[in-house]
Amino acid sequence: MINRERMLAEFFELVKITCSTRKEREVADIIKEKLAAMGGQVSEDNTGDIIGGTAGNVFAYFPGTNPGALRILFSAHMDSVEPCAGIQPVLANGVITSDGDTILGADDKAGVAAILEGLRTVIEQDLPRGDIQVIFTVAEEGGLNGSKHLDPARLTADMGFILDSSGAPGKIIITAPGQNQFSITVYGKTAHAGIAPEEGVNAIVVAGHALAALQQGRIDFETTANIGRISGGGATNIVTDKVEITAEARSRNPEKLAAQTKHMVETFETVAAAHGGRADVQVKKSYDPFVLHEDMPVVRICRQAAEALGLPVSLEGTGGGSDANYFNRYGVPSAVLGVGMSKVHTNDEYIKEEHLYQSAELVMSIVRQSAAGRR
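To start, this report covers the structure provided alongside it.

What counts, and at which threshold
- Residues numbered from 1 in each chain as written.
- Predicted model: local features only at pLDDT ≥ 70, side-chain atom pairs only at ≥ 80, totals over all residues.
- Heavy atoms only, no water.
- Helix = DSSP H or I, 4+ residues; strand = E, 2+ residues; numbered from the N terminus.
- Buried < 20%, exposed > 50% of the residue type's maximum accessible area, 1.4 Å probe, protein only.
- Contact = heavy atoms within 4.5 Å.
- Areas by Shrake-Rupley, 256 points an atom, 1.4 Å probe, with all protein chains shown as cover.
- Axes fitted to C-alpha atoms, helices over the stretch in contact; angles between N-to-C directions.
- Parallel < 35°, antiparallel > 145°, perpendicular 65-115°, else oblique.
- Left-handed = near helix turned anticlockwise from the far one by under 90°.
- Phe/Tyr/Trp six-rings, centres within 6.5 Å; stacked < 30°, edge-to-face > 60°.
- Pairing = 2+ DSSP bridges.
- Expected span 1.5 Å × (residues − 1).
- Polar contact = N/O pair within 3.5 Å; in protein donor to acceptor, adjacent residues only side chain to side chain.

## Regarding the overall build of the chain
No. 1: Across its full length, the chain carries 10 helices and 17 strands.
No. 2: Residues counted as buried form 52% of the 375 residues belonging to the chain.
No. 3: Once local pairs closer than 6 in sequence are excluded, the contacts in the chain between residues at least 24 apart make up 79%.
No. 4: In the form shown here, the chain has an accessible surface area of approximately 15400 Å², with 49% of it arising from carbon and sulfur atoms.

Structure representation (structure tokens):
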């Protein structure tokens, strides 16, 4: 069994540390100290330098005691969305919240705390285990930039378990979308709005026609698209000649993602031209989708580990990306696990105390199940 009092105190300690995306230095140093105290071989990569952050991804390696057992990876991210400064966690009636002025930071300190306490207990009890690699990533929020820039050659595991999903422990994410980002510039023609408006082409109006023709929102059960930002224009007496738009498309199906991307590019280009303007559309792939099958070892071990604890198991898809998108791309089959976080990215975020402890117990159970497997 885990030490619940110790885990709760550590979770409170972690969420109180300000850890904005690309500013994870303080929390990274504290986590490195904790991993080293557990006997891990700890290092940090240069991702911080690459992305303009204060810290890199934190790695730890724990040699196994069961030769030939499966090698596993546990991962969670260290950064939080805003506002994450001055978090004051509150425990009442078995539920942990912030005091209401900030997020709580269970996304993803619940994952971090579960990995730390689960592995600490495994080591204290000297449970049989294969090699264990831990990676705590930076800059997951807003683009998965930590996992995106880590060196795949550093990955040593046969499979990975990413503790970074809403939903109670026992929820297993086996499919997630890829995402494309769009930077769109709609050009018109400037003119004096009062003297010669007919000589101009208003880029705002052109963009409006394109947006009205666009398929967006929920396209189907595994595909979405969204317009995130639009800006442009100045004085009311000037016909606007330039509008900038950012957007995204996601799908768990690569062909559907390609089709939605093509639709968005062609819609802006053809509608803009039809209304006397021009659209320049730049597309950047953020990450690829992944799909895990129920009979894959990583899914089977997740299921067995949860069932051994009496946790209800659900295999689900998600509409969001996570570091698992990159770990799967790098050739390490990785599932995303529910840790109980709810209403994330809001000041109403919360987690049930019991779910916090169950997540650490699940880490221990995964270690047990994987120790029995053979490479």
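## Concerning the packing of helix α6 (residues 203-213) against helix α7 (residues 254-274)
No. 1: Packing of α6 against α7 brings their axes to within 9 Å, and their N-to-C directions diverge by 140 degrees. By the angle between their axes, α6 is oblique relative to α7. For the crossing formed where α6 meets α7, the hand is right-handed. Each of V206, H209, A210, L211 and A213 in α6 lies in contact with α7, whose residues at this interface are H263, T267, F268, V271 and A272.

## A closer look at the packing of aromatic side chains
Aromatic ring pairs are reported here in terms of the distance separating the ring centres and the angle at which the planes meet.
No. 1: Applying the stated criterion to the full structure yields three aromatic pairs.
No. 2: Taking the centre distance of 5.8 Å and the plane angle of 35 degrees together, the rings of F74 and F161 count as tilted. Of this pair, F74 sits in strand β3 (residues 72-77) while F161 sits in strand β7 (residues 159-166); the two residues are 87 residues apart in sequence, bridging distant segments of the chain.
No. 3: For F74, a relative accessible area of 0% gives the class buried.
No. 4: In this structure F161 comes out as buried when scored by relative accessible area, which is 0%.

## So, the sheet that holds strand β5 (residues 95-97)
No. 1: What the three strands build is an open sheet, ordered β4-β5-β17; its pairing is antiparallel. Every other strand in the sheet has two partners, leaving β4 (90-92) and β17 (350-352) as the edge strands with one partner each. The average undirected angle you get between the axes of adjacent strands in this sheet is 25 degrees.
No. 2: Strand direction decides the pairing type here: β5 and β17, joined by three bridges, are antiparallel. Pairing of I96 across the sheet is with I351, part of β17.
No. 3: Across the sheet, helix α10 (residues 353-371) is in contact with β4, β5 and β17; its angle to β17 comes to roughly 70 degrees.

## Looking at the sheet that holds strand β11 (residues 223-232)
No. 1: Read from one edge of the open sheet, five strands run β10-β11-β12-β9-β13, paired in antiparallel fashion. Two strands close off the open sheet at either side, each with one partner strand: β10 (217-220) and β13 (278-287). With strand direction ignored, the average angle separating the axes of adjacent strands in the sheet is 20 degrees.
No. 2: Pairing of β10 with β11, which is carried by three bridges, proceeds in the antiparallel orientation. Bridge pairing links R218 to T224 in β11.
No. 3: This element, α6, spans β9 (178-187), β11 and β12 (242-251) of the sheet and lies at about 20 degrees to β12.

## Comments concerning the environment of I2
No. 1: Note on placement: I2 falls in the segment before α1 (4-15).
No. 2: By relative accessible area, I2 is classed as buried at 8%.
No. 3: As a C-alpha pair, I2 and G94 span 92 residues in sequence and 17 Å in three-dimensional space.
No. 4: With sequence-adjacent residues up to four places away left out, I2 is seen in contact with M7, E117, T121, Y357, A360, E361 and M364.

## Considering α1
No. 1: Taking 1.5 Å per residue, 12 residues should reach 16 Å; α1 reaches 17 Å between its end C-alpha atoms and fits that length.
No. 2: Listed as buried for α1 are M7, L8, E10, F11, F12, L14 and V15.
No. 3: Buried residues belonging to α1 abut α2 (25-37), β4, β5, α4 (106-124), β17 and α10.
No. 4: Where α1 begins, one side-chain oxygen reaches toward the backbone nitrogen of E5, 3.3 Å away; that side chain belongs to N3.

## Comments concerning the side chain of R250
No. 1: Relative to the helices and strands, R250 resides in strand β12.
No. 2: Classification of R250 by relative accessible area gives buried; the value is 17%.
No. 3: Among the polar contacts listed, one links the side chain of R250 to the side chain of Y287, at a separation of 3.5 Å.
No. 4: Polar side-chain contacts of R250 include one of 3.1 Å to the backbone oxygen of G319.
No. 5: Among all residues touching R250, those that are not within four sequence positions of it are P177, G178, Q179, E222, T223, T224, L257, Y287, G319, G320 and G321.

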